[in-house]
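# Architecture at a glance
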Amino acid sequence: MKFPPWTSVSEAADLLKAGEVVAIPTETVYGLAGNAYNPEALAKIFAAKERPTFDPLIVHIADIAELENVARDIPDAAYRLAEAFWPGPMTMILPKKDCIPDLCTSALPSVAVRFPSHPVAQAIIKESGLPLAAPSANLFKHVSPTTAEHVAAQLADRIAGIVDGGPCSVGVESSIISLVGAPTVLRPGAITPEMFASVVGPVAIKESSSKPGQAMEAPGQCDTHYKPSVPLYFGTVPTNYKLPEHTVRIAFGQQAGPIPATVSLSETGDMTEATANLYAFMHDLDTPDYDLILVDPIPNTGVGMALNDRLKRASIKALP
Ligand code: TXA
Ligand code: MG
């Protein structure tokens, strides 16, 4: 395998300036970064991920002031949200500036912008001197990576570098809020609708939907996103149900279940710990050793909304 050795911050900055794509750590998940101003670099991102170009990319910055380089007509609410939640796991949708290529936004007139809190991400953005377009560093429709090893397993032969910044502390993709029109949450994450509302007043929540072949207004919202190869079932199993022999169970807390749990997202039922562990467990258990991954129900409150959202997308509709 090409990696490790992992790519250093300065090597990554040089590669990005040269139009290459490099996987970088952020606090949410690893991103596959490229120069947001350079259509060729953006094309490399879509190609490496096998991602359709109707699914637009998030642009990463390392200073609130850089918002004005990529977005225009920025409402006061955006600055209040930035002060409250940046750097951190929040992406804002704003009208885009012309300097952002259509390929980045799938020809939408808006751009997604995030200022990550991970110090390595910030160092790479600063040293490259560029806004970095970065979707999650996984193949399209696969589980997002939360370690450098996850990235290497999916993309090593397709990209110029991977920077190792350790396991991601948040573990689930950023919350996305659109400020084009009334504030609307497009994707749940660690910043909850209540937290947004505390800064900008009531927020709408967009139900997920996708129209094949069109730029998605509500993002990441292909129903078939986030799927491991082993069938995963999220929900309660009827007591008399006969499970396949090689079933593995992911518990939340210490609930009694149909088979002994192999792993618990958090023994104490701590939602933050559970979120940080979820994708790593999905990666680790996604091996031919298993016929079925069962995931216990998780309370749909706080960041639990994000876990429920991702697990519903990952889940098969009915038990086999
Ligand atoms: O935490 C994250 O957001 C990670 C890290 C790397 O920052 N990135 C991430 O990117 O999750 P990605 O590409 O996997 O998901 C971004 C979603 C996409 O599904 C896309 O549809 C949506 O953001 N998006 C991007 N630009 C948009 C726009 N102008 N309007 C609406 N949605 C947009
Ligand atoms: Mg993704």
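You'll find the structure just up there.
Because the structure is predicted, anything quoted here is derived from the model rather than measured.

### Focus on the overall build of the protein
Helix and strand counts for the protein come out as ten helices and 14 strands. For the protein, whose C-alpha radius of gyration is 19 Å, the value lies close to the compact-globule estimate of 20 Å for 320 residues. Over its C-alpha atoms, taken along the principal directions, the protein stretches across nearly 60 × 50 × 35 Å. Here the protein holds 320 residues, and 56% of them are scored as buried. Across the protein, contacts joining residues at least 24 apart in sequence account for 68% of those joining residues at least 6 apart. Here the protein holds 23 positive side-chain charges and 34 negative ones, and the gap between their average locations is 6 Å.

### Brief notes about the pattern of salt bridges
Scanning the entire structure with this criterion turns up twelve salt bridges. Between Asp73 and Arg72 there is a salt bridge, with the nearest N and O atoms lying 2.6 Å from each other. You can call Arg72 partly exposed: its relative accessible area is 36%. Close ionic contact of Arg80 with Asp76 constitutes a salt bridge, the shortest N to O distance being 3.1 Å. Of this pair, Arg80 and Asp76 both sit in helix α4 (residues 76-85), four residues apart, roughly one helical turn. Among the residues examined, Arg80 registers a relative accessible area of 38% and is labelled partly exposed. On the basis of relative accessible area, Asp76 is assigned to the exposed category, the value being 52%. Through salt bridges that share partners, Glu173, Asp309, Arg310 and Arg313 make up one connected network.

### Regarding the pairing of strand β4 (residues 90-95)
Within β4, six of the six residues are buried, leaving the element largely enclosed by the surrounding structure. Pairing analysis gives four bridges linking β4 to strand β8 (residues 175-178), with the strands arranged parallel. The partner of Met90 across the bridge, within β8, is Ser175.

### Description of the packing of helix α1 (residues 9-17) against helix α6 (residues 119-128)
Where α1 meets α6, the axes come as close as 9 Å, and the angle between the chain directions of the two elements is 45°. If you check the angle between α1 and α6, you find them oblique. Seen from above, α1 lies across α6 with right-handed handedness. Every residue of α6 that contacts α1 at Val9, Ser10, Ala12, Ala13, Leu16 and Lys17 is listed here: Val120, Ala123, Ile124, Glu127 and Ser128. Among the residues forming the contact of α1 with α6, the class breakdown is seven nonpolar, two polar and two charged.

### Here we look at the sheet that holds strand β12 (residues 247-251)
Pairing within the open sheet is parallel, and its four strands lie in the order β11-β14-β12-β13. Every interior strand has two partners, whereas the edge strands, β11 (232-234) and β13 (263-264), have only one. With two bridges connecting them, β12 and β13 associate as parallel partners. When the bridges of β13 are listed, Ile250 appears paired with Val263. Strand contacts of helix α10 (residues 304-314): β11 and β14 (292-295), with the helix running at about 135° to β11, the strand carrying the most contacts.

### A look at the nonpolar core
Formed by 51 residues in total, the largest nonpolar core has its most connected members in Leu32, Leu81, Trp86, Met90, Met92, Ile159 and Phe196. Those elements that provide at least two residues to this core are α2 (39-49), α3 (67-70), α4, β4, β5 (110-114), α7 (148-155) and α8 (193-200). The residues contacting Met92, other than those within four sequence positions of it, are Leu67, Ala78, Leu81, Ala82, Trp86, Val111, Ala112, Val113, Ile177 and Leu179. Membership of the second largest hydrophobic core comes to 27 residues, among which are Val29, Val248, Tyr279 and Ile293.

Analysis parameters
- Residues numbered from 1 in each chain as written.
- Chains lettered and ligands numbered in written order.
- Predicted model: local features only at pLDDT ≥ 70, side-chain atom pairs only at ≥ 80, totals over all residues.
- Heavy atoms only, no water.
- Helix = DSSP H or I, 4+ residues; strand = E, 2+ residues; numbered from the N terminus.
- Rg over C-alpha atoms; globule rule 2.2 N^0.38 Å.
- Buried < 20%, exposed > 50% of the residue type's maximum accessible area, 1.4 Å probe, protein only.
- Contact = heavy atoms within 4.5 Å.
- Lys, Arg positive; Asp, Glu negative; His and termini not counted.
- Charge placed at Lys NZ, Arg CZ, Asp CG, Glu CD.
- Salt bridge = Lys/Arg side-chain N within 4 Å of Asp/Glu carboxyl O.
- Pairing = 2+ DSSP bridges.
- Axes fitted to C-alpha atoms, helices over the stretch in contact; angles between N-to-C directions.
- Parallel < 35°, antiparallel > 145°, perpendicular 65-115°, else oblique.
- Left-handed = near helix turned anticlockwise from the far one by under 90°.
- Nonpolar A, V, L, I, M, F, W, Y, C, P; charged D, E, K, R; others polar.
- Core = buried A, V, L, I, M, F, W, Y, C linked by side-chain atoms within 4.5 Å.

Everything listed here is a matter of geometry and, on its own, says nothing about what the molecule does.
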